[in-house]
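Coordinates in review
Each chain, letter by letter, is given below.
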Amino acid sequence: MRTVILASTSPYRRQLLERLGLRFQTADPAVDETPIPGELPEALARRLAHAKAAAVARAYPQALIIGSDQVAVVAGEILGKPGGHEQAVRQLQRLSGRSVDFLTALCLLNSATRRVQHALVPATVVFRHLNDAQIDHYLSREPAYNCAGGFKSEGLGIGLLEKISSDDPTALIGLPLISLTSMLAQEGVQII
């Protein structure tokens, strides 16, 4: 079996990939995630997923490299990771009662053949109407400061939501396993 590398240090993506029962390694892609001025959210997610895979491929010339990136969009504006409590509160106040699109881009790069496969898997989330006390209570129990939107759907953050719509529920967490399984099969890696 070929070496599989996850171009991410995200514990969430690592946990998702572990579901597939593959032996894999992780590597830090060290990619600047700053949007280019005027860059559309879909283009940003795709560019970063590819850049992460390409950055790691240099160190692994005979591997399958998985790059993924997620962009959260509300009312046309890209939301970043809050990084701290006050910004997370502001993000969740803004998301209260609203619909948010999470665009997860996936790139599988075969560093031996240079073959690249891409996918963009959207997930739309509708947040409940939240008051400040609920937001503070949530963040005191699950400080999701390293997650776009300031919440984790795989944890207590699911209680903040009214509805999730996606063809792949793992896309919302950051690594669309349904698309990845198909991509890996095209490279001769069968999961089942």
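See above for the structure.
The sections below set out a description of the structure shown in this document. (Residues numbered from 1 in each chain as written. Predicted model: local features only at pLDDT ≥ 70, side-chain atom pairs only at ≥ 80, totals over all residues. Heavy atoms only, no water.)

1. Notes on the overall build of the protein
Counting secondary structure elements, the protein contains five helices and seven strands. Along its sequence from the N terminus, the protein presents helices and strands in the succession β-α-β-α-β-β-α-β-β-α-β-α. A globule of 192 residues ought to have a C-alpha radius of gyration of about 16 Å, and the protein, at 17 Å, matches this closely. Overall, the protein is about 50 × 40 × 25 Å in size when its C-alpha atoms are taken along their principal axes. The buried share of the protein, taken over its 192 residues, is 49%. Counting only contacts in the protein whose residues sit at least 6 apart along the sequence, the fraction spanning at least 24 positions is 67%. Summing over all exposed atoms, the protein offers an accessible surface of approximately 9,200 Å²; the carbon and sulfur share of this is 50%. Taken as two groups, the 19 positive and 18 negative side-chain charges of the protein have centres that lie 6 Å from each other. (Helix = DSSP H or I, 4+ residues; strand = E, 2+ residues; numbered from the N terminus. Rg over C-alpha atoms; globule rule 2.2 N^0.38 Å. Buried < 20%, exposed > 50% of the residue type's maximum accessible area, 1.4 Å probe, protein only. Contact = heavy atoms within 4.5 Å. Areas by Shrake-Rupley, 256 points an atom, 1.4 Å probe, with all protein chains shown as cover. Lys, Arg positive; Asp, Glu negative; His and termini not counted. Charge placed at Lys NZ, Arg CZ, Asp CG, Glu CD.)

2. Observations concerning the packing of aromatic side chains
Summed over all chains, the structure comprises two aromatic pairs. An angle of 70° between the planes, with centres 5.7 Å apart, marks the rings of F102 and F151 as edge-to-face. You can see F102 sitting in strand β5 (residues 99–110) and its partner F151 sitting in the loop between α4 (132–141) and β7 (161–166), a full 49 residues away along the chain. Across the pair, F151 and F102 agree in class, each one buried. Arranged with centres 5.0 Å apart and planes meeting at 80°, the rings of F127 and F151 form a pair that is edge-to-face. Here the residue F127 occupies a position in strand β6 (residues 116–127), and F151 occupies one in the loop between α4 and β7, the gap between them amounting to 24 residues. Considered together, F127 and F151 belong to a single accessibility category, that of buried residues. (Phe/Tyr/Trp six-rings, centres within 6.5 Å; stacked < 30°, edge-to-face > 60°.)

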